[in-house]
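So the chains spell out like this:
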Amino acid sequence: MTSSAYKPALSARHAIRQIGANLKRARLRRKLPMEVVADRARITRQTLAKVERGDTSVSIGIYATVMHALGLIDKLGDVANDPMASMLEDEALPKRIRARKKVSES
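Residues numbered from 1 in each chain as written. Predicted model: local features only at pLDDT ≥ 70, side-chain atom pairs only at ≥ 80, totals over all residues. Heavy atoms only, no water.

S.K.: When you look at the overall build of the protein in this model, what are you seeing that I'm missing?
M.R.: Secondary structure summary: the protein contains five helices and zero strands in total. Oriented by its inertia axes, the alpha-carbon framework of the protein measures out at about 80 × 35 × 25 Å. Put simply, the protein has 106 residues, and 23% of those count as buried. Put simply, 51% of the contacts in the protein that link residues at least 6 apart link residues at least 24 apart. Here the protein has roughly 8,700 Å² of accessible surface; of this, 56% comes from carbon and sulfur atoms. Side chains of the protein give 21 positive and 11 negative charges; the mean places of these two sets differ by 4 Å. (Helix = DSSP H or I, 4+ residues; strand = E, 2+ residues; numbered from the N terminus. Buried < 20%, exposed > 50% of the residue type's maximum accessible area, 1.4 Å probe, protein only. Contact = heavy atoms within 4.5 Å. Areas by Shrake-Rupley, 256 points an atom, 1.4 Å probe, with all protein chains shown as cover. Lys, Arg positive; Asp, Glu negative; His and termini not counted. Charge placed at Lys NZ, Arg CZ, Asp CG, Glu CD.)

S.K.: Explain the nonpolar core to me, please; I cannot follow it from the model alone.
M.R.: One recurring pattern in soluble globular proteins: nonpolar side chains tend to sit buried together. Among the nonpolar cores identified, the biggest contains 18 residues, and Leu23, Val37, Leu48, Val66 and Leu70 are the most heavily contacted of them. When residues of this core are traced back to their parent elements, those giving at least two are helix H1 (10-29), helix H2 (34-41), helix H3 (45-53) and helix H4 (60-69). (Core = buried A, V, L, I, M, F, W, Y, C linked by side-chain atoms within 4.5 Å.)

S.K.: Got a minute to help me understand H1 in this structure?
M.R.: Helical geometry note: an α-helix holds 3.6 residues per turn, so side chains three or four residues apart project in the same direction. For H1, built from 20 residues, the straight-helix expectation of 28 Å at 1.5 Å per residue is met to within 8% by its first-to-last C-alpha distance of 28 Å. Within the sequence span of H1, burial applies to Gly20, Leu23, Ala26 and Arg27. For H1, the arc enclosing every buried residue in end-on projection is 125°, short of the 170-degree limit, so these residues lie on one face. The exposed residues of H1 that point more than 90 degrees off its buried face are Ser11 and Arg29. Of the surrounding secondary structure, the elements contacted by the buried residues of H1 are H2, H3 and H4. (Expected span 1.5 Å × (residues − 1). Arc of directions from axis to C-beta.)

Written out as C-alpha cells, the structure is:
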C-alpha cells in the first residue's frame, strides 16, 4: 500500500481539518502573511496552504513545525491531557486505604 492510498478515518480527517483551520486562524490573528510563517517553518507557501486546509498527506512533523513557527508548540503536548483516561484511572483508585498493623519485634 502506498502512502497516497491511505485514507485516515473520517473522524481523523475532520480533526486534521480543524487543526489546519485553527492554525490558519492563529496566523491571521497574528497578522502574519503566509510567506513569513512558511519561511519560519522552513516549508514552502504551498505546503503551508495544505496544512491550513488540513491535508492529511502532510506529515505531523510539518504541522508541529508550523505550530512552532506560530509559537503554539507547547499546545502539541495537550494530546496527553486525556479526560477519559483520568476518569478511568480515578475509578481504579481504592475507595479507602487502611493503615498497616505494626509487626512486633521479638
